[in-house]
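# Examining the three-dimensional arrangement
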Amino acid sequence: MRESSQRVTVVALLADPDAPTEIAQRVARVLPARLADKSGGRRFEVKVVSEPFTAGTEDLSTLTRRIMDRRRAERWDIVVALTDLPLHSHGHKLVVDLSHEHGLALLSLPSLGGLRFRRKALRAVEETVLSLASQQATAAGEPAQRQPLGRFVSRLAPVHRGPIGEGETADLRYVVSGPGGCLQVLGGMVRANQPWRLVPGLSKALAAALATGAIATVNSTLWSLSEALSTVRLVIAMVGSIVLMIGWLIVDAHLWHRATDDSAEERKRTTLYNASTVVTVGIGVVVCYAGLLVISMVWALFILNEQVFASMTRTPLQATEYWTLSWFVASIATVGGALGSGLESDKAIRAAAFSKREQERRRMADDHDD
């Protein structure tokens, strides 16, 4: 009877569409039980609300005002907003903003890094809700406790407390800074972009690469050339073809981001976005290259004739010859894929390379330039 009369704390996870909503839904499945266990049996109801609350802005005060308005309209006890945009505050990269007075928090998911992302997101939301709930549990008229985040911070070095300016709603802020912080945010941005989606998204480029590889495999001149190339030259050919593919995709699809002004903050933001673009496209291209290498090997095993190969190259067809030829053909096919990517629309390449939120941000940046 006592348990049934206990008030339920309603926690809303306000998430941007796409990856943040997916994370929020996963967190919501296990969060009530974890919160109840760590708050002495207090009851929590967790709901997920998916909407683009960051649309059109990365300004913290604007975002906080939007979150506050939604909390008031829905009468939630606590709201934790999740976004996959890398947010900044006073020259630092934001991890989480908390306002105990208003029962809200804003979490920038890229600051959690790219490794063990879901576990970190669960821990971050859990610690944030517990910190906000501790304020609501105090007696009326007592000052905000501003309970610091414990395990979440200690396991996410170099996370530390950040400065809060006068007039800001937040009363507790955590940020990342320095080279380690930049790498952590970069990893989170790349994770949000899901670079492995680039492979199926470049259908025309892959078709051109596969056609190039199939033709190259049966070319006797390339047989002799692959036999004559040293390992160093094969590595150079591989790296050169991958770099060419990355550069062509970025230039041809206009993926390079330009700063909207000359401020140091904007330059840092632009550098971070462009670095995430290079890494995202690079991972996708490397996955494509590995796939082409495997396909080239299978095709060579099926099509090559030992007697014909030996008569052309004066070298018996053994495992080493299969490997070097497939390696060389994969590099040539990648160059063919770079040329074939010109048949893809810019929209298709952006859709394959970036998350929905990043695509929207880039469209707005292009409109601003226009």
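These figures come from a predicted structure and were not determined experimentally. (Residues numbered from 1 in each chain as written. Predicted model: local features only at pLDDT ≥ 70, side-chain atom pairs only at ≥ 80, totals over all residues. Heavy atoms only, no water.)

### Focus: the overall build of the protein chain
Where we set the bar: Helix numbering and strand numbering both begin at the N terminus, where a helix is a DSSP run of H or I of at least 4 residues and a strand a DSSP run of E of at least 2. For every residue, the accessible area (1.4 Å probe, protein chains only) is compared with the maximum for its type, and the residue is labelled buried under 20%, exposed over 50%, or partly exposed between those bounds. We call two residues in contact when some of their heavy atoms are within 4.5 Å. Methods summary: accessible areas were calculated by the Shrake-Rupley approach with a probe of 1.4 Å, and residue burial reflects only the protein chains presented.
What the protein chain contains, in helices and strands, is 15 helices and 8 strands. Residues classed as buried in the protein chain amount to 50% of the 370 residues present. For the protein chain, restricting intrachain contacts to residue pairs at least 6 apart in sequence, the fraction spanning at least 24 positions comes to 77%. Accessible surface for the protein chain amounts to roughly 17600 Å². Of this, 57% is attributable to carbon and sulfur atoms.

### Digging into the packing of helix H8 (residues 203-217) against helix H13 (residues 319-340)
For clarity, the threshold we go by: Axis angles are defined between N-to-C directions and span 0 to 180 degrees, where every axis is a line fitted to C-alpha atoms and, for a helix, only to the segment in contact. Reported orientations rely on four angle classes, namely roughly parallel under 35 degrees, roughly antiparallel over 145, roughly perpendicular from 65 to 115, and oblique for the rest. Helix crossings are classified by the rotation of the near helix relative to the far one: an anticlockwise turn of less than a right angle makes the crossing left-handed, while a clockwise turn makes it right-handed. By the convention adopted, Pro, Cys, Tyr, Trp, Phe, Met, Ile, Leu, Val and Ala count as nonpolar, Lys, Arg, Asp and Glu as charged, and the other residues, Gly among them, as polar.
Where H8 meets H13, the closest approach of the two axes is 7 Å, and the angle between their N-to-C directions is 140°. As summarised for this structure, H8 and H13 are arranged oblique, according to the angle between their axes. Taken as a pair, H8 and H13 cross one another with a handedness that is right-handed. Between H8 and H13, the residues in contact are Lys 204, Ala 205, Ala 208, Ala 209, Thr 212, Gly 213, Ala 216 and Thr 217 and Leu 325, Val 329, Ile 332, Ala 333, Gly 336, Gly 337 and Gly 340, respectively. Residues belonging to the contact of H8 with H13 are distributed by class as follows: 8 nonpolar, 6 polar and 1 charged.

### Quick look at helix H6 (residues 178-193)
What counts, and what does not: For a helix, the expected span equals 1.5 Å multiplied by the number of residues minus one.
The end-to-end C-alpha distance of H6 is 23 Å, a good match for the 22 Å that 16 residues give at a rise of 1.5 Å each. Along H6, the positions that sit buried rather than exposed are Gly 181, Gln 184, Val 185, Leu 186, Gly 188, Met 189, Val 190, Arg 191, Ala 192 and Asn 193. Gln 194 lies just past H6 and shows a positive phi near 50°.

### A closer look at the pattern of salt bridges
Here is the rule we go by: In the sections that follow, a salt bridge refers to a side-chain nitrogen of Lys or Arg positioned within 4 Å of a carboxyl oxygen of Asp or Glu.
Summed over the entire model, instances satisfying the criterion amount to 8 salt bridges. With a closest N to O distance of 2.5 Å, Arg 173 and Asp 97 form a salt bridge. Of this pair, Arg 173 sits in strand E8 (residues 172-176) while Asp 97 sits in strand E5 (residues 92-99), and the two are 76 residues apart along the sequence. Residue classification places Asp 97 among the buried residues on the basis of a relative accessible area of 4%. Several salt bridges converge on common partners, so that one network encompasses Glu 22, Arg 26 and Arg 118.

### Observations concerning the environment of Ala 319
Tracing the sequence through the fold places Ala 319 in helix H13. The spacing of Ala 319 and Leu 301 is 18 residues in sequence and 9.7 Å in space, taken between C-alpha atoms.

### Things to note about the UniProt feature "transmembrane region" (unreviewed entry) in the protein chain
For clarity, the cut-off: UniProt positions are given in the numbering used here, feature names are shortened, and annotations may be inferred rather than shown by experiment.
Using the residue numbers shown here, the UniProt feature "transmembrane region" (unreviewed entry) corresponds to residues 205-225, 231-251, 272-302 and 322-340. Spanning residues 231-251, this segment combines 100% helix with 0% strand, and its end C-alpha atoms are found 30 Å apart. Helix makes up 100% of residues 272-302 and strand 0%, whereas the separation of the span's terminal C-alpha atoms amounts to 45 Å.

### A word on the packing of aromatic side chains
The test is simple: Put simply, two rings from Phe, Tyr or Trp (the six-membered ring, in Trp's case) pair if the centres are within 6.5 Å, and we call them stacked under 30 degrees between planes, edge-to-face over 60, tilted for the rest.
If you walk through the whole model with that rule in mind, you get 3 aromatic pairs. Ring geometry for Trp 223 against Phe 309: centres 5.4 Å apart, planes inclined by 40°, an arrangement best described as tilted. Separated by 86 residues along the polypeptide, Trp 223 in helix H9 (residues 220-228) and Phe 309 in helix H12 (residues 306-313) bring together distant segments of the chain. Here Trp 323 and Trp 327 contribute two aromatic rings whose centre-to-centre distance is 5.7 Å and whose plane-to-plane angle is 40°, an arrangement assigned as tilted. With Trp 323 and Trp 327 both in helix H13, this residue pair falls 4 residues apart, about one helical turn. What makes Trp 323 partly exposed here is its relative accessible area of 38%.

### Here we look at the nonpolar core
Nonpolar side chains tend to gather and get buried jointly when the protein is soluble and globular. Worth spelling out the cut-off: Nonpolar core, defined: a set of buried Ala, Val, Leu, Ile, Met, Phe, Trp, Tyr and Cys residues in which side-chain atoms within 4.5 Å join the residues together.
Formed by 58 residues in total, the largest nonpolar core has its most connected members in Leu 13 and Leu 106. A per-element tally of this core places helix H4 (residues 117-136) first, with 9 residues. If near-sequence neighbours (up to four positions away) are discounted, Leu 13 is found in contact with Ala 24, Val 27, Ala 28, Val 46, Lys 47, Val 48, Val 49, Val 80, Leu 82 and Val 125. Counting 33 residues, the second-largest nonpolar core is a separate cluster that includes Trp 223, Ala 300, Tyr 322 and Leu 325.

### Comments concerning the environment of Gln 25
Topologically, Gln 25 is positioned in helix H2 (residues 19-38). Sequence separation between Gln 25 and Val 49 is 24 residues; the distance between their C-alpha atoms is 9.3 Å.

### Some remarks on the pairing of E8
Short version of the rule: If DSSP finds at least two bridges between two strands, the strands pair.
Most of E8 sits inside the fold, with 5 of its 5 residues counted as buried. Neither face of E8 is exposed, since Leu 172, Tyr 174 and Val 176 on one face and Arg 173 and Val 175 on the opposite face are all buried. Bridge analysis of E5 against E8 gives 5 bridges, and the strand direction is antiparallel. Note on E8: the bridge partner recorded for Lys 93 is Val 176. Across 3 bridges, the pairing between strand E7 (residues 159-161) and E8 is antiparallel. Paired with Val 159 across the strands is Val 176, a residue of E8.

### Observations concerning a nonpolar patch on the surface
So the rule is basically this: A patch is a set of surface residues, each over 30% in relative accessible area and not in a salt bridge, joined within 9 Å for like charges and within 5 Å for the nonpolar side chains Val, Leu, Ile, Met, Phe, Trp and Tyr.
There is a patch of nonpolar side chains on the surface, built from Val 218, Trp 299, Phe 302 and Ile 303 and spanning about 390 Å² of accessible area. Of note, Val 218 is situated in the loop between H8 and H9.

### With respect to the packing of H9 against H12
Any two packed helices are characterised by how steeply their axes cross, that is the angle between the axes, and by the distance between the axes. In contact at an axis separation of 9 Å, H9 and H12 are set at 65° when each is read in the N-to-C sense. The orientation of H9 relative to H12 falls into the category roughly perpendicular. Crossing of H9 over H12 shows right-handed handedness. Where H9 approaches H12, its residues Ser 220, Trp 223, Ser 224 and Glu 227 are matched on the opposing element by Val 308, Phe 309, Met 312 and Thr 313. Of the residues belonging to the contact of H9 with H12, the class tally is 4 nonpolar, 3 polar and 1 charged.

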